[in-house]
Amino acid sequence: MKDPSHIFRAYTNIALIKYWGKRNETLFLPVTSSLSLTLNKFYTETQVRWNESSSEDVLLLNGELQPIDRVQRLIDLFRELTHCSRPVRVESYNHVPTAAGLASSASAFAALACACNDLFDTQMDARELSTYARQGSGSATRSLFGGFVKWEAGQGDVSETSYAHPIDKADWDLGMIAVVLNDQEKSISSREGMALTVRTSPFFKLWPEVVAHDLALMEAAIEQRDFTTLGEVAEHNAMEMHALMLSSKPSYTYFQAESLKIMDCIRQLRQQGIECYFTMDAGPNIKVICRLSQADRIQQLLMQAAGLNESQLIISGPGPAPHTVPAFTPF
């Protein structure tokens, strides 16, 4: 097998119709389909090479040696497929705050899947590769594509039926502002929170019906390039997901006081005729859905209203599919 030493860059995605709940924990099969927007500002770069200096797999993240446990599972899927047992050296640089609700695992596992596909020479297309990336991190399946991406829930326990595919390039004046309120690792991981919700929330049985309704509205909005409906549905779907967390036992939340303050600021901007909406994943940080042409103005207004600095309000446009880069990007 070859050792191409290519570096792959994959971008984060933010779900507009949320993924929250697995029906199969082993294969990372979701209870519902979901839909996201890939962003061009946050990304992970990963290189996987044969490890010639050790009989063990090695992971370096941002230049530091890390436990390889979670990464190991995805690598082993490629080993099983190719009947190759050679150890590998994974080097990865994450240009996303880790575990803060900014989809760091999505870009990380999408980049890893691409690098493994190349090293093990499995020659998968992006759709098939998304079913492998999914087994590292569910949301990584959507980072195999650019623009708006739909992740199909699939059927039963058949892994091949749960894949991602692009539905729109998102090239119609769309943007997102990531409001970074806290870039520290969260106390409850997405995986832990999701499992607790599925197990204990009395309202989770309604979640598939809610998502199906919201997803139909969102797909129609994208097809019609209806920004207002897109924003309204995304904002409401995010709050529906967080309501599930509040109804879990024990109850938990990723809201912080600053998160609620930013939500109020966005509502006030709408009342002033400045159209923007919020969404929020499993972390305290808010993402503002806006027209890219208005992003600079909204950034400045939020800075003034919430007392934030420019480094906390990061403007992003739609992002592309993963691709190779000639060298790692310095921090």
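Rules and cut-offs
Residues numbered from 1 in each chain as written. Predicted model: local features only at pLDDT ≥ 70, side-chain atom pairs only at ≥ 80, totals over all residues. Heavy atoms only, no water. Helix = DSSP H or I, 4+ residues; strand = E, 2+ residues; numbered from the N terminus. Buried < 20%, exposed > 50% of the residue type's maximum accessible area, 1.4 Å probe, protein only. Areas by Shrake-Rupley, 256 points an atom, 1.4 Å probe, with all protein chains shown as cover. Lys, Arg positive; Asp, Glu negative; His and termini not counted. Charge placed at Lys NZ, Arg CZ, Asp CG, Glu CD. Disulfide = S-S within 2.5 Å. Expected span 1.5 Å × (residues − 1). Polar contact = N/O pair within 3.5 Å; in protein donor to acceptor, adjacent residues only side chain to side chain. Domains from an automatic or database assignment. Contact = heavy atoms within 4.5 Å. Buried area = accessible area lost by both parts, 1.4 Å probe. Salt bridge = Lys/Arg side-chain N within 4 Å of Asp/Glu carboxyl O.

This next bit is on the overall build of the protein chain. Summing up its helical and strand segments, the protein chain has eight helices and 14 strands in all. Projected onto its principal axes, the C-alpha coordinates of the protein chain cover approximately 60 × 40 × 40 Å. Counting only residues that meet the buried cut, the protein chain has 57% of its 331 residues in that class. In the form shown here, the protein chain has an accessible surface area of approximately 13900 Å², with 50% of it arising from carbon and sulfur atoms. Seen as two clouds, the 29 positive and the 38 negative side-chain charges of the protein chain have centres 2 Å apart.

One pass over the full model with this rule turns up zero disulfides. The thiol sulfur of Cys84 is not disulfide-bonded, and the nearest other cysteine sulfur, from Cys116, lies at 11 Å. Of all cysteine sulfurs in the structure, the one in Cys290 sits closest to Cys276, which takes part in no disulfide; the separation is 7.0 Å.

Over its 20 residues, helix α6 (residues 227-246) extends 29 Å from the first C-alpha to the last, a length consistent with the 28 Å expected when each residue adds 1.5 Å. For α6, the N-terminal capping position is held by Asp226, with its side-chain oxygen 3.3 Å away from the main-chain nitrogen of Thr228.

Glancing now at the domain arrangement of the protein chain. Domains assigned within the protein chain are domain 1 (7-170) and domain 2 (174-316). Here the C-alpha centre of domain 2 lies 23 Å away from the C-alpha centre of domain 1. In this assembly, 33 residues from domain 1 lie in contact with 47 residues from domain 2. Taken together, both faces of the contact between domain 1 and domain 2 bury some 3200 Å²; the carbon and sulfur share is 71%. Here domain 1 is connected to domain 2 by two salt bridges. The salt bridge partner of Lys150 is Glu219, with a shortest N-O separation of 3.4 Å. Inspection of the region where domain 1 meets domain 2 yields nine residue pairs in polar contact (both at pLDDT 80 or more).

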